[in-house]
Amino acid sequence: IAILHLITEQAGDLSQLHQLGFVPLSLMVIPLVIAGIIFGSIGSITTSIWIIIISLPNLMFDNLGPEKYGELFQLLILVAVGIFIGKRVDLERSLVNKVETASTALSASEAKYRSLFDASPIAILAIDDKNRILDANPSAGMLFNQSPETLKTMSINDLNKGNSDNATFTAS
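Residues numbered from 1 in each chain as written. Predicted model: local features only at pLDDT ≥ 70, side-chain atom pairs only at ≥ 80, totals over all residues. Heavy atoms only, no water.

Caption draft 1: Structural view of helix H6 (residues 66–119). Here H6 spans 79 Å end to end across 54 residues, near enough to the 80 Å set by a 1.5 Å rise per residue. When we look at burial in H6, the residues that qualify are Glu71, Leu75, Leu78, Val79, Gly82, Ile85, Gly86, Val89 and Phe117. (Helix = DSSP H or I, 4+ residues; strand = E, 2+ residues; numbered from the N terminus. Expected span 1.5 Å × (residues − 1). Buried < 20%, exposed > 50% of the residue type's maximum accessible area, 1.4 Å probe, protein only.)

Caption draft 2: Examining the pairing of strand E2 (residues 133–136) more closely. Bridge count for strand E1 (residues 125–127) against E2 is 3 bridges, and the pairing is antiparallel. In the strand pairing of E2, isoleucine 127 is matched with isoleucine 133. As consecutive antiparallel partners, E1 and E2 are separated by 5 residues, and within that stretch asparagine 131 has a phi angle of approximately 65°, a positive value. (Pairing = 2+ DSSP bridges.)

Caption draft 3: Broad picture of the nonpolar core. Counting residues in each nonpolar core, the largest one holds 8 residues, listed as Ile133, Ala136, Ala140, Phe144, Leu151, Met154, Ile156 and Leu159. Residue assignment for this core shows that the elements contributing at least two residues are E2 and helix H9 (156–161). Apart from residues no more than four positions distant in its own chain, leucine 151 is found in contact with Leu125, Ile133, Ala136, Ala140, Gly141, Phe144, Gln146 and Leu159. Of all hydrophobic cores here, the second largest spans 7 residues; its members include Leu25, Ile51, Leu75 and Leu78. (Core = buried A, V, L, I, M, F, W, Y, C linked by side-chain atoms within 4.5 Å. Contact = heavy atoms within 4.5 Å.)

Caption draft 4: Helix H4 (residues 29–39), seen in detail. Along H4, the residues that are buried comprise Pro31, Leu32, Ala35 and Gly36. Viewed end-on, H4 has its buried residues packed into an arc of 135°, placing them on one side of the element. Note on H4: the residue one or two positions beyond its end, glycine 40, has a positive phi of about 75°. (Arc of directions from axis to C-beta.)

Caption draft 5: Here's a closer look at unusual backbone geometry. Of note in the backbone geometry, asparagine 131 takes a positive phi value of approximately 65° without being a glycine. Inspection of the secondary structure puts asparagine 131 in the loop between E1 and E2. Positive phi is not limited to glycine here, since asparagine 145 has a value of about 50°. Among the secondary structure elements, asparagine 145 is positioned in the loop between helix H7 (138–143) and helix H8 (148–151).

Caption draft 6: Spotlight on the side chain of serine 48. Locating serine 48 in the fold gives a position in helix H5 (residues 41–62). Dropping the residues within four chain positions of it, serine 48 is found in contact with Leu32, Val79 and Gly82.

Caption draft 7: Highlighting the environment of isoleucine 37. Tracing the sequence through the fold places isoleucine 37 in helix H4. C-alpha of isoleucine 37 to C-alpha of isoleucine 85: the two residues are 48 residues apart in sequence and 7.1 Å apart in space. For isoleucine 37, the residues in contact, after removing those within four places along its chain, are Ile85, Val89 and Arg93.

Caption draft 8: Geometry of the pattern of salt bridges. A full pass over the atoms with the stated rule returns 5 salt bridges. Here glutamate 92 makes a salt bridge to arginine 88, at a shortest N to O gap of 2.9 Å. Highlighted residues: glutamate 92 and arginine 88, both in helix H6, separated by 4 residues, approximately one helical turn. The partly exposed category is assigned to arginine 88, whose relative accessible area is 44%. Here arginine 132 and aspartate 128 are joined by a salt bridge, their closest N and O atoms 2.8 Å apart. On the accessibility criterion, arginine 132 (43% relative accessible area) is partly exposed. Residue aspartate 128 is classed as buried on the basis of its relative accessible area, which comes to 16%. Salt bridges linked by common partners bring Arg114, Asp118, Asp135 and Lys152 together as one network. (Salt bridge = Lys/Arg side-chain N within 4 Å of Asp/Glu carboxyl O.)

Below, the structure is given as structure tokens:
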């Protein structure tokens, strides 16, 4: 891209290429976006500085009058786009890291409470608002002479049907 920029600028005295003077500087958006996506803010800012440095000779010597301001405006837009993309990529990476950290913490917490649930000597049933059994620990399986997996296919009402002591189970 830098070589294309140089060749086009060197051929700038041709009337057709002179009218397309914005094209070489506009092509610099490609490495700017790639650097921003791959390296985040550091990459986009570094590439912006590189673009400014290689564009300085054009700004200082080649362009006079309004063309100089047009090229400067394009340069400022490129730098703004680079900074925006770099900051956005940094934000996305930060959010992904936070989600991964939260997911790891959630998995550890679930494992901890699952082990407490499974090791409890007290029968525990987790039920939903329709009295269906969502989860049962091994102690509940022993109490009802059912495996915890079988209890998960039942409801509290099913446990009440098989009860001969006239005791009823309710959700609490």
